[in-house]
Amino acid sequence: MSFKLSDNNVYYASEEYRSTAHISSIDEYKKLYQKSVSDPEGFWMKIANHFFWKRWPQEVEVVSYNFDVTKGPVCVKWLDGCQTNMSYNILDLIINKGLGDRVAYYWLVESNDDKSHKQITYNELLRYVCKFANVLKGLGIKRGDRVAVYMSVTIELVIVMLACARIGAIHSVIFAGFSAEALADRIIDANCVVLVTFDGAFRANKFIPLKSIADSALNLCKQMNHRVKACIVSPHLNLNRINIIDVNNNNNTDYNSVINWDPNVDILWTDVMTNVSDYCEPEWMEAEDPLFVLYTSGSTGKPKGIVHTIGGYLLYSYLTFKTVFNYTDGDVFFSTADLGWITG
C-alpha cells in the first residue's frame with residue numbers, strides 16, 4: 001500500500017494557536033534556521049543565557065567541530081571552557097525563581113489491577129536528589145565515575161539520574177526489559193562501579209524480577225573480572241499484588257525466595273536515604289564533560305554507547321523541547337517513553 005502526501009493529509013494550526021506559538025509560521029522557522037547557520041555563536045549564546053554558568057570565559061567558541069579525519073580527530077564541542085551543572089539548572093534555578101512548590105513530575109500507573117500515582121514538587125525533588133547524591137558520595141562515587149541504572153520508569157529513576165549529575169558521575173540508564181546478559185554487557189562496557197535497581201516491577205501484568213536479573217548480571221560481571229562495589233535496591237513491589245499473581249499462576253513462591261540478598265554488595269535504598277543530608281553542593285563541571293551514556297539496543301550486533309556531554313545536551317534539548325512541543329509556562333507534558341531510550 002503506497003501513501004502519497006497531499007493537501008488532504010496536511011493539518012494547519014489554528015490562528016489562535018499560532019498567535020502564541022514560539023514558531024508561528026514556516027517563514028519564521030526558516031528565519032530562525034538561517035540565523036543558526038549564519039551566526040551560530042549569536043544563536044546559541046542567546047539560548048545559553050537562559051541557564052546558569054559558574055564559569056563563562058570572556059571569549060568562548062560556542063560550537064566547534066571537525067568531521068574530516070585528515071584534519072585531526074573527529075569531534076564536536078559545545079561551549080568548551082565553560083562550567084555548569086545540569087542538576088543545578090534543572091532544579092535550583094527553578095526554585096530560585098520562586099517555583100519550588102510547582103509539581104515537577106506526575107507519575108501514573110493505569111493498569112487492570114493497579115491505579116497508582118505520585119507527584120513531586122521541585123523542592124521535594126531537590127531534597128531527594130541531594131540525599132541520593134550524598135549516598136553515592138558516601139560510597140566513594142566521585143566525578144567521572146559511572147553508575148548503571150536498571151529501573152522501570154518512576155520518580156526514583158529521575159532522582160538517580162539527577163543525583164549523578166549533581167556530583168559529576170556519569171549515569172547509564174539501561175532498559176528494564178533487558179536480560180542479565182544485556183545488562184552485564186553494558187555495565188562492563190561503560191565501566192560502571194555501582195548498579196541501582198528495583199526489587200521488581202510489573203510490565204502490564206507480567207512480573208519482572210529486576211533484582212534477580214541484576215544478581216545474574218553481577219555474577220557475569222564477576223566472571224569477566226569486573227567489580228561492581230554496590231547494588232542499591234529500591235523497594236518498589238506491592239507484596240499483596242505479588243501474592244495474587246503467584247496464586248493465579250499456581251506458584252507459591254513468596255517474596256523472600258524471589259529477592260536474594262548479599263549484604264556484601266546489596267544496599268537497601270530506604271536504609272541509606274534515612275540519615276543523609278538533604279543538601280549537596282553541585283560539582284561544577286566542564287561543558288564538555290560527559291553527562292550520560294546511552295546504549296543502542298544491540299539488535300544489529302554489539303551495543304554502542306552514545307556519550308552526551310553537558311553543555312550541548314542542555315542547550316539542544318531545551319531548544320527542541322520548547323519549539324517542537326511549543327512548551328509554555330505551566331504546561332504539563334505527558335510521555336510514556338522509557339527512560340532507557342533517548343526519547344524518554
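Everything discussed here concerns the structure shown above.
Residues numbered from 1 in each chain as written. Predicted model: local features only at pLDDT ≥ 70, side-chain atom pairs only at ≥ 80, totals over all residues. Heavy atoms only, no water.

Draft legend 1. Expanded view of the packing of aromatic side chains. Counted according to the given criterion, the structure contains 19 aromatic pairs. When the centroid spacing of 5.0 Å and the interplanar angle of 85° are considered together, the rings of Phe 43 and Trp 44 count as edge-to-face. Among the residues examined, Phe 43 registers a relative accessible area of 9% and is labelled buried. Look at Trp 44 and you get buried, because its relative accessible area is 8%. Centroid distance Phe 52 to Tyr 88: 5.0 Å. Interplanar angle 45°. Geometry classified as tilted. With a gap of 36 residues between them, Phe 52 in the loop between α3 (40-48) and β1 (63-66) and Tyr 88 in helix α4 (residues 86-99) connect regions that are remote in the sequence. Overall, Tyr 88 belongs to the buried group, its relative accessible area being 16%. Through successive ring pairs, a cluster of aromatic residues spans Phe 43, Trp 44, Trp 78 and Tyr 316. Taking the ring centre of Trp 107 as reference, the NZ or CZ of Lys 118 above it sits at 5.5 Å. (Phe/Tyr/Trp six-rings, centres within 6.5 Å; stacked < 30°, edge-to-face > 60°. Buried < 20%, exposed > 50% of the residue type's maximum accessible area, 1.4 Å probe, protein only. Helix = DSSP H or I, 4+ residues; strand = E, 2+ residues; numbered from the N terminus. Lys NZ or Arg CZ within 6 Å of the ring centre and 35° of its normal.)

Draft legend 2. Seen up close, the packing of helix α2 (residues 26-38) against α3. For the pair α2 and α3, the least separation of the axes is 5 Å and the interaxial angle reads 110°. One element, α2, and the other, α3, form an angle in the roughly perpendicular class. Seen from α2, the contacting residues are Leu 32, Lys 35, Ser 36, Val 37 and Ser 38; seen from α3, they are Pro 40, Gly 42 and Phe 43. When its residues are assigned to classes, the contact of α2 with α3 shows 4 nonpolar, 3 polar and 1 charged. (Axes fitted to C-alpha atoms, helices over the stretch in contact; angles between N-to-C directions. Parallel < 35°, antiparallel > 145°, perpendicular 65-115°, else oblique. Contact = heavy atoms within 4.5 Å. Nonpolar A, V, L, I, M, F, W, Y, C, P; charged D, E, K, R; others polar.)

Draft legend 3. Highlighting the packing of helix α7 (residues 180-190) against helix α8 (residues 210-223). At their nearest, the axes of α7 and α8 sit 8 Å apart, and the two run at 50° to each other. Between α7 and α8, the angle falls in the class oblique. The handedness of the crossing between α7 and α8 is right-handed. The residues of α8 that touch α7, namely those facing Ala 180, Glu 181, Leu 183, Ala 184, Ile 187 and Ile 188, are Ile 213, Ala 214, Ser 216, Ala 217, Leu 218, Leu 220 and Cys 221. A breakdown of the residues in the contact of α7 with α8 according to their chemical character gives 11 nonpolar, 1 polar and 1 charged. (Left-handed = near helix turned anticlockwise from the far one by under 90°.)

Draft legend 4. Local environment of the nonpolar core. In this structure, Phe 132, Ile 187, Leu 195, Val 196 and Ile 232 are the most contacted members of the largest nonpolar core, which totals 68 residues. Per-element tally for this core: the top contributor is helix α6 (residues 155-167), with 10 residues. Val 196 has contacts with Phe 132, Val 147, Ala 148, Val 149, Tyr 150, Met 151, Val 160, Ile 232 and Trp 269, leaving out every residue within four places of it along the chain. (Core = buried A, V, L, I, M, F, W, Y, C linked by side-chain atoms within 4.5 Å.)

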